[in-house]
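# Coordinate analysis (summary)
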Amino acid sequence: MSNETLAPAKLVIPWRTRLVLSVLSVVTDMSRRSDGTINRRLLNFLDFKSSPSPNKPVRSVFSSDITVDPTRNLWFRLYTPENSGVDGGDAASLPVLIFFHGGGFSFLSAATSTYDAVCRRFARRFPAIVLSVDYRRTPEHRFPCQYDDGFDVLRFLDNNRANGSLPPNADLSKCFLAGDSAGANLAHHVAVRVCRAGFQNVKVIGLVSIQPYFGGQERTRSELQLVGYPFVSVERTDWCWKVFLPDGSDRDHPAVNVSGPNAEDISGLDFPDTIVFVCGLDPLQDWQRRYYEWLKRSGKEATLIEYPNMFHAFYIFPELPESRKLFSEVKEFVDRRLSRL
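What counts, and at which threshold
- Residues numbered from 1 in each chain as written.
- Predicted model: local features only at pLDDT ≥ 70, side-chain atom pairs only at ≥ 80, totals over all residues.
- Heavy atoms only, no water.
- UniProt positions renumbered as here; feature names shortened; annotations may be inferred.
- Buried < 20%, exposed > 50% of the residue type's maximum accessible area, 1.4 Å probe, protein only.
- Helix = DSSP H or I, 4+ residues; strand = E, 2+ residues; numbered from the N terminus.
- Pairing = 2+ DSSP bridges.
- Right-handed = clockwise from strand over helix to strand, strands pointing away.
- Axes fitted to C-alpha atoms, helices over the stretch in contact; angles between N-to-C directions.
- Contact = heavy atoms within 4.5 Å.
- Core = buried A, V, L, I, M, F, W, Y, C linked by side-chain atoms within 4.5 Å.
- Phe/Tyr/Trp six-rings, centres within 6.5 Å; stacked < 30°, edge-to-face > 60°.
- Lys NZ or Arg CZ within 6 Å of the ring centre and 35° of its normal.
- Parallel < 35°, antiparallel > 145°, perpendicular 65-115°, else oblique.
- Left-handed = near helix turned anticlockwise from the far one by under 90°.

An unreviewed UniProt entry annotates the protein as Alpha/beta hydrolase fold-3 domain-containing protein of Salix udensis. Listed under Sequence similarities (unreviewed entry) in UniProt, the entry text for the protein is "Belongs to the 'GDXG' lipolytic enzyme family."

Counting buried residues along strand β7 (residues 273–279), seven of its seven residues qualify, which places the element largely inside the surrounding structure. Across the two faces of β7 the burial is the same, with Asp-273, Ile-275, Phe-277 and Cys-279 and Thr-274, Val-276 and Val-278 all buried. Judged from the five bridges that link them, strand β6 (residues 204–210) and β7 form a sheet pairing that is parallel. What sits directly across from Gly-206, in β7, is Asp-273. With six bridges joining them, β7 and strand β8 (residues 302–307) adopt parallel strand pairing. Pairing of Ile-275 across the sheet is with Thr-303, part of β8. Read from β7 through helix α9 (residues 285–297) to β8, the crossover connection turns out right-handed.

A few words on the sheet that holds strand β5 (residues 170–180). An order of β1-β2-β4-β3-β5-β6-β7-β8 is seen for the eight strands of this open sheet, with the pairing classed as mixed. On the outer flanks of this sheet lie β1 (61–69) and β8, each paired with one strand and no other. If you compare each strand with its neighbour and ignore which way they point, the axes differ by 20° on average. Taken strand by strand, helix α4 (residues 145–158) contacts β1, β2 (74–81), β3 (94–100), β4 (129–134), β5 and β6, and its axis lies near 55° from that of β2. Across the face of the sheet, helix α10 (residues 321–339) comes into contact with β3, β5, β6, β7 and β8 while running at roughly 165° to β7.

Right, let's talk about the nonpolar core for a bit. By size, the foremost hydrophobic cluster in this structure holds 64 residues, and its most contacted members are Phe-76, Ile-98 and Leu-177. The biggest single contributor to this core is helix α6 (residues 182–197), with seven residues. Leave out the neighbours within four places in its chain, and Ile-98 touches Leu-131, Val-133, Leu-154, Leu-157, Cys-175, Phe-176, Leu-177 and Ala-178. Core analysis: the second largest hydrophobic core is formed by 41 residues, Tyr-79, Ile-205, Met-310 and Tyr-315 among them.

Looking now at the packing of aromatic side chains. Within a pair of aromatic rings, the relevant descriptors are the distance that separates the centres and the angle that separates the planes. Enumeration over the complete set of coordinates arrives at 22 aromatic pairs. An angle of 85° between the planes, with centres 5.6 Å apart, marks the rings of Phe-143 and Tyr-147 as edge-to-face. Overall, the relative accessible area of 3% leaves Tyr-147 in the buried class. With a centroid separation of 6.0 Å and an interplanar angle of 65°, the aromatic rings of Tyr-147 and Phe-244 are classed as edge-to-face. Here Phe-244 lies in helix α8 (residues 234–244) and Tyr-147 lies in helix α4, a separation of 97 residues in the sequence. A single burial state applies to Tyr-147 and to Phe-244, both of which are buried. In this structure, Arg-121 packs its charged tip against the face of Phe-327, placed 3.8 Å from the ring centre. The lysine or arginine in question, Arg-290, covers the ring of Trp-287, its NZ or CZ lying 4.7 Å from the ring centre.

Remark: α4 packs on α6, axes separated minimally by 9 Å, with the N-to-C direction vectors making an angle of 55°. With respect to α6, the element α4 is oriented oblique. Handedness of the α4/α6 crossing: right-handed. Together, Gln-146, Tyr-147, Asp-148, Gly-150, Phe-151 and Leu-154 of α4 and Asn-185, Leu-186, His-189, Val-190, Arg-193, Val-194 and Ala-197 of α6 make up the contact between the two elements.

Now the structure itself:
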């Protein structure tokens, strides 16, 4: 670990955003118990959710919930831009973006209002067909349940276009995986599995990794020095890893430390082009940079985008200009990748 001292910028955000951040942090802390259990009733009560809108578009996007496996309550919310063939009319083919929400593998869902709004923005801005996966959460369901759920959604898509649930202009040969925080961790591991699966219809051509949640046994400089910033702390991340990993595992498990001593060799895989977003006020930034550097060393195409003055999960706050910039940069990445086909 470097002895250099970080000199982070002061966090300058609207007071309403600061208030929301404070409330969310208090709620998640109150719901976590020291014995490794979680107050799911409290979380569900305070997790404001949005209903699907299959018949009337919300902000120019239709949405509907599609069940993949009722035995484990695995489903995704499907977002289709208005005037894109949802009514059966002719429309140009659209890429498919499969999104995995964040929340330390323990919190939030595909129906959480914040993520509902995020996915509508993705669908409208690109435009694209967006699928937001509701995977099982810890501590009730530990590793590898989340990765199994993510992969099985893609297998469901590969099987006859999800049994006809996708709009006819959804182009499965132009799929992107995307996620933030724990969702970006999940997207990475799903991408590795997909590379080995040999799907017939689904082709993943890009990975959008927004402040991925990685870690390790080592305490990095940013983890130790960036104290008191929104959402992420060593104590919170340690708790989330503990209730996620199999008993007896440490944080150098390959699910956590993807570029560490137990890293999986992806050099021989057709791994998708990746864009990684990192923020200067995020304690996880050192692990995220290591991920980017590991992708490059593995011979993969990767781009690093930095926001020096932003914090973990900043992009879910549309009032921040940096949030709008991130959506524009993701669109540029998608457009650039599609232009090379």
